[in-house]
Amino acid sequence: MIPKYKPQDIESKWQARWEADHLYEVSETSDRPKWYALTMFPYTSGDLHMGHWYAMAPSDVHARFKRMQGYNVLHPIGFDAFGLPAENAAIRRGIHPYTWTIQNVENMRPQLRSMGAMYDWSREVITCLPDYYRWTQWFFLKFHEAGLAYRANAAANWCPNCQTVLANEQVVGEGQCERCDTMVSRRDLEQWFFRITKYADELLEYAGVEWPERVKLMQRNWIGKSVGVEISFGIDGYGPGEGEIRVFTTRPDTVFGVTFLVLAPENPLVAKLTTAEHEKEVQDYVAKARSRTEIERLSTEKEKTGVFIGAYAVNKLSGEKVPIWIADYVLQTYGTGAVMGVPAHDQRDFEFAHDFGIPIKVVIAPEGWSGEEFEEAYVEPGTMVNSGQFNGPHSDQGKEAIADFMEANGLGGRTTSYRLRDWLISRQRYWGAPIPIIYCPDCGIVPVPETDLPVLLPEDAEFRPTGESPLTYHESFVNTTCPKCGGPARRETDTMDTFMCSNWYFFRYTSPGYDKGPFDPEKLAYWMPVDQYTGGAEHATMHLFYARFFNKAIRDLNLVSFDEPFTRLFNQGTIVSEHQKMSKSRGNVVNPDEYVTRLGADTVRGYLMFIGPWEQGGGWDDSGINGISRWLNRAWNLALAEATTGGQQRVDPEAENQLRRQIHKTVKKVAEDIEKFRFNTMLAALMEYTNYLTKVKERGEVGEALWGQAIDTLLLLLAPSAPHLAEELWEKNGRPYSIHNQPFPTWDEALVEEESINLVIQVNGKLRDRVAVPATISEATARELALSNKRVRAHLDGKEIKKVIYVPGRLVNIVVG
RNA sequence: GCCGAAGUGGCGGAAUAGGCAGACGCGGCAGUCUCAAAAACUGUUGGGGGGCAACUCCCGUGCCGGUUCGACUCCGGCCUUCGGCACCA
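Owing to the predicted nature of the structure, the values given are computational and were not obtained by experimental measurement. (Residues numbered from 1 in each chain as written. Chains lettered and ligands numbered in written order. Predicted model: local features only at pLDDT ≥ 70, side-chain atom pairs only at ≥ 80, totals over all residues. Heavy atoms only, no water.)

1. Section: helix H11 (residues 347–356)
- Along H11, the residues classified as buried are Asp349, Phe350, Phe352 and Ala353. Across the axial projection of H11, the buried residues extend over an arc of 165°, all falling on one side.
- In the core, the buried residues of H11 are packed alongside strand S12 (260–263), strand S14 (321–326) and strand S15 (338–341).
- One side-chain oxygen of the residue at the start of H11 lies 3.0 Å from the amide nitrogen of arginine 348, identifying that residue as aspartate 346.
- Where H11 ends, the next residue or the one after it, glycine 357, has phi of about 65°, a positive value. (Buried < 20%, exposed > 50% of the residue type's maximum accessible area, 1.4 Å probe, protein only. Helix = DSSP H or I, 4+ residues; strand = E, 2+ residues; numbered from the N terminus. Arc of directions from axis to C-beta. Contact = heavy atoms within 4.5 Å. Polar contact = N/O pair within 3.5 Å; in protein donor to acceptor, adjacent residues only side chain to side chain.)

2. Quick look at the pairing of strand S9 (residues 185–194)
- Sheet topology note: the strand S5 (residues 149–159)/S9 ladder contains 10 bridges and is antiparallel. Bridged to alanine 149 within S9 is phenylalanine 194.
- Pairing of S9 with strand S19 (residues 423–424) involves 2 bridges; the strand directions are antiparallel. Bridge pairing in S19 links phenylalanine 194 to tryptophan 423. (Pairing = 2+ DSSP bridges.)

3. Here we look at the layout of surface pockets
- Size it by volume and the second largest pocket reaches roughly 310 Å³.
- The wall of the second largest pocket is formed by 17 residues, among which Glu468, Ser469, Thr472, Thr493 and Asp494 lie closest to the centre.
- In terms of residues, the lining of the second largest pocket owes the most to one element, S9, which gives 3 residues.
- Split into classes, the residues belonging to the lining of the second largest pocket amount to 4 nonpolar, 5 polar and 8 charged. (1 Å grid on protein atoms, 1.4 Å probe; cavity = no way out; pocket = protein on both sides within 12 Å on 5 of 7 lines; lining within 4 Å. Points joined across faces, edges and corners; volume = space filled by probe spheres on them. Nonpolar A, V, L, I, M, F, W, Y, C, P; charged D, E, K, R; others polar.)

4. A few points about a positive patch on the surface
- Together, Arg92, Arg93, Arg179 and Lys584 make up a positively charged patch on the protein surface.
- By the element assignment, lysine 584 lies in the loop between strand S29 (580–581) and helix H18 (593–599). (Patch = residues over 30% accessible without salt bridge, like charges linked within 9 Å, V, L, I, M, F, W, Y side chains within 5 Å. Areas by Shrake-Rupley, 256 points an atom, 1.4 Å probe, with all protein chains shown as cover. Salt bridge = Lys/Arg side-chain N within 4 Å of Asp/Glu carboxyl O. Lys, Arg positive; Asp, Glu negative; His and termini not counted. Charge placed at Lys NZ, Arg CZ, Asp CG, Glu CD.)

5. Some points on the protein's contact with RNA strand B
- Around RNA strand B sit 70 residues in total, of which Asp80, Asn168, Ile611, Arg770 and Asn813 are the nearest.
- The sugar and phosphate moieties of RNA strand B supply 69% of its atoms located within 4 Å of the protein.
- Take arginine 429: an N or O atom from its side chain is 3.1 Å from a base oxygen of RNA strand B.
- Glutamine 762 places a side-chain nitrogen or oxygen 3.1 Å from a base nitrogen of RNA strand B.
- Per-element accounting of the surface near RNA strand B gives the leading share, 6 residues, to helix H22 (residues 679–699). (Near = heavy atom within 4 Å.)

6. Focus: the sheet that holds strand S22 (residues 444–447)
- On the basis of which strands lie adjacent, the open sheet formed by 4 strands has the order S22-S21-S24-S23 and antiparallel pairing. The outermost strands of the open sheet, each flanked by one partner alone, are S22 and strand S23 (479–481). Going from strand to strand, the sheet's axes swing by 40° on average, the running direction of each strand aside.
- Across 4 bridges, the pairing between strand S21 (residues 437–440) and S22 is antiparallel. Among the inter-strand pairings, tyrosine 439 is bridged to a residue of S22, identified as isoleucine 445. (Axes fitted to C-alpha atoms, helices over the stretch in contact; angles between N-to-C directions.)

7. Topic: the packing of aromatic side chains
- All chains considered together, the criterion is met by 55 aromatic pairs.
- Ring geometry for tyrosine 119 versus tryptophan 121: centroids 6.2 Å apart, planes at 85°, classification edge-to-face.
- Residue class for tyrosine 119 comes out buried when judged on its relative accessible area of 3%.
- For arginine 17, the ring lying beneath its charged end belongs to tyrosine 737, and the centroid distance is 3.7 Å. (Phe/Tyr/Trp six-rings, centres within 6.5 Å; stacked < 30°, edge-to-face > 60°. Lys NZ or Arg CZ within 6 Å of the ring centre and 35° of its normal.)

8. A look at the nonpolar core
- Residues Phe140, Tyr505, Phe506, Phe507 and Leu718 are the most contacted members of the largest nonpolar core, which totals 173 residues.
- If near-sequence neighbours (up to four positions away) are discounted, phenylalanine 507 is found in contact with Phe519, Leu524, Met528, Phe550, Asn551, Ile554, Val560 and Phe562.
- The next biggest cluster of nonpolar side chains, apart from the first, holds 54 residues, and it includes Ala264, Trp325, Ala353 and Phe374. (Core = buried A, V, L, I, M, F, W, Y, C linked by side-chain atoms within 4.5 Å.)

9. A closer look at helix H9 (residues 279–290)
- With 12 residues, H9 extends 17 Å from end C-alpha to end C-alpha; this agrees with the ideal 16 Å at 1.5 Å per step.
- Every buried residue belonging to H9 is among Val282, Tyr285, Val286 and Ala289, and all of these are buried. Angularly, the buried residues of H9 cover 100° about the axis, an arc narrow enough to put them on a single face. For H9, the exposed residues set more than 90 degrees away from the buried face come down to Lys280 and Lys288.
- Where H9 is buried, its residues contact helix H8 (269–273), helix H10 (294–298), strand S13 (307–314) and S14. (Expected span 1.5 Å × (residues − 1).)

10. Notes on the environment of threonine 472
- Its place among the elements puts threonine 472 in the loop between S22 and helix H13 (475–478).
- Sequence separation of threonine 472 and tyrosine 430 is 42 residues, and the distance between their C-alpha atoms is 9.7 Å.
- If near-sequence neighbours (up to four positions away) are discounted, threonine 472 is found in contact with Val478, Arg490 and Thr493.
- Within the local environment of threonine 472, its side chain forms a polar contact with the side chain of threonine 493, the two groups lying 3.3 Å apart.

11. Regarding the side chain of serine 417
- As for its placement among the helices and strands, serine 417 is situated in strand S18 (residues 412–417).
- By relative accessible area, which is 7% here, serine 417 ends up buried.
- Excluding anything up to four places from it in sequence, serine 417 contacts Gly224, Lys225, Ser226, Phe248, Tyr334 and Gly335.

12. Observations regarding the sheet that holds S29
- The mixed open sheet is built from 3 strands, whose spatial order is S29-S28-S30. Of all strands in the sheet, those bounded by a partner on one side alone are S29 and strand S30 (618–619).
- Two elements, strand S28 (residues 575–577) and S30, share 2 bridges in a ladder whose sense is parallel. Bridge pairing links valine 576 to glycine 619 in S30.

Okay, structure coming up:
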């Protein structure tokens, strides 16, 4: 009698055993090659939900596979714990952010354990604890020392009613505060930046890494490198040296076509140049523009808006006077905060000029153009016209000629512009790592000495909205003494962006208890860089980009020796529920616990892998989960069944031969699919294998030895995906503990190749018949077979055969006229 | 809007150096077991037409067009959905 498969009885048992045996704890002394398998650590926003499982279960399968392949695998876990949700929870529920966060960690730990992942829990990292953020602050000091950190003015969302700074997420609807519905405005604050733009060019390279092209492309577009020319325009009424407007353009060849200039509403020149009669209108427009989001401002869909400020610029090449406007589609943060308007050769300028009655001047002629008006901007290259001394050549040469001329005459020069801007890390919030800076009335900006770290986040701060950073009102925190002169001084009250915490958690995993630095250099040298990083596709630009910058910055501080932190990257898709990403804040989370209780973790792991390609994500729908449950049940019964022949029935050598091929084919498919994260087809192959074994058992044509080998292979192939079930069956079948210390099966390529194939026969590309033939069939035989085929002949019927196409091992296509 | 992906049966999906569309699973239908039901197991299942029948023909991968002996796959143009857009993480 075969015992029933009850995941509830076996899963917690094995989890406890593995942990007691320290099975998944790793050290640097192994003689196996190292493999660092990293999954993006979860944010402590509440309970673990299906979205977390979707990220973590398949990556655990991959890590387990690598372990069985013979690697010394580090697969750590930790918690991203600082940030806005904890502060919101604190305000809403009146609990301290620390309490709320740690409660969530306590809830998530057993949930994570219930997944049966091979995490090395001895290396857990929590970013909101002082022994961690001490080093986050230390890195800030190093960046400051190296000139990578600086202060500048930057706008923040400001709710005039709540008197507080709002995150973008807290601005809802048409730009209202999520708490009180008041229209949000922008407020300039002195804030800290990291000079990420210094690394813009290096960040465009991906030396020695295997990343998906689409992620690299997104990051390259995020950097937005564009090579062009900065051109100086004079200002009417101002003498040389008294004022100029610099614009950035990639099209210097069109400079004679400039009929207006547009400044960003925030451009400091606006106040200086606006004439008295336009002042009211300009001020109103600037105020309106500042309340709009960048996404709204840059939309090419909406109607163009802008106002004339009353002043004129002078085109130094043509000597022409053109009006100066302001418009919200020009951003102060990109280029020079000013653009030249060439309506004939830029579609956005064309529409702007059309709407406001500005002339359109053609300077690049399309082929065959004879002076007619344009219906839309002509953005392609062409012949230079209406451009004074530069008339005649192709615009590609004109571009260079004009750039040369400008450089020679001091009117501008070649330059490179980036869409990327420096990273604003200041947050006017409580729940983050305090920025370790002191402001002294005498000495100015003074970094906190390393020996005084960590700058502890005070527990008793007022974190409800007040109008200032919460720490500002904490007197004993703010008031301190200057480390330089010993006089009274004030602390920086802003905290750091949580992306700074997540920039280096994977370094910390290599030596989590280390207290002489952020990490033990020797252990770091052993484990880093990360061999395989997996995480949500939504992190393609921000986290993954900041972490690369961080790595390069600390490399230049001689803290690490490698250029890229993550050698291989895989971004899984998003699991959606109610048409949106699953998240606590959206209230659409699905709790995995009830499924684990009812069907077992192995089933949930399998189902999440089976619903589709991991990189695509998909909607949560549990209607198919029983299929996985049933399959694991079948595998269970099969593995514990009596050997098929029992020594009585006759062993059929052909059946054994076929089974042997099936084993090797399945091993190959499973190994290759796990390697490439194609978990859905990996499981499909295992199901087919299970179905095949069921038939083999019914027929009873194979001997005990081979059958035992077939079942062992099944369990070993299942081990990464269903670790508890595989371990239990391995033990029940008398194999030595643990299955997770066994090598992954290998395959013999000769046994994978098919002996016979189905030759497809087509007429004019349409399938007419399939014939089983030996894989070694010759072309002549295949053609002959096709032409003499009964079904084919019916379709040839008197028609002329034009040609016959033969694809070896696949098909014959007969083309008739 | 911009950047990046994806659209295939009733459903999730499989198949791309261009070569059998629908693997595997869910659901449905029929059957076995049962007093009965559930569970489990077996068979069947893209749509339409013809044939008593073994069988056979036509249509079919978001939409429109193109390249090719042959297109889910390549090219051009749309539509829809999802992720990101710098203070959610």
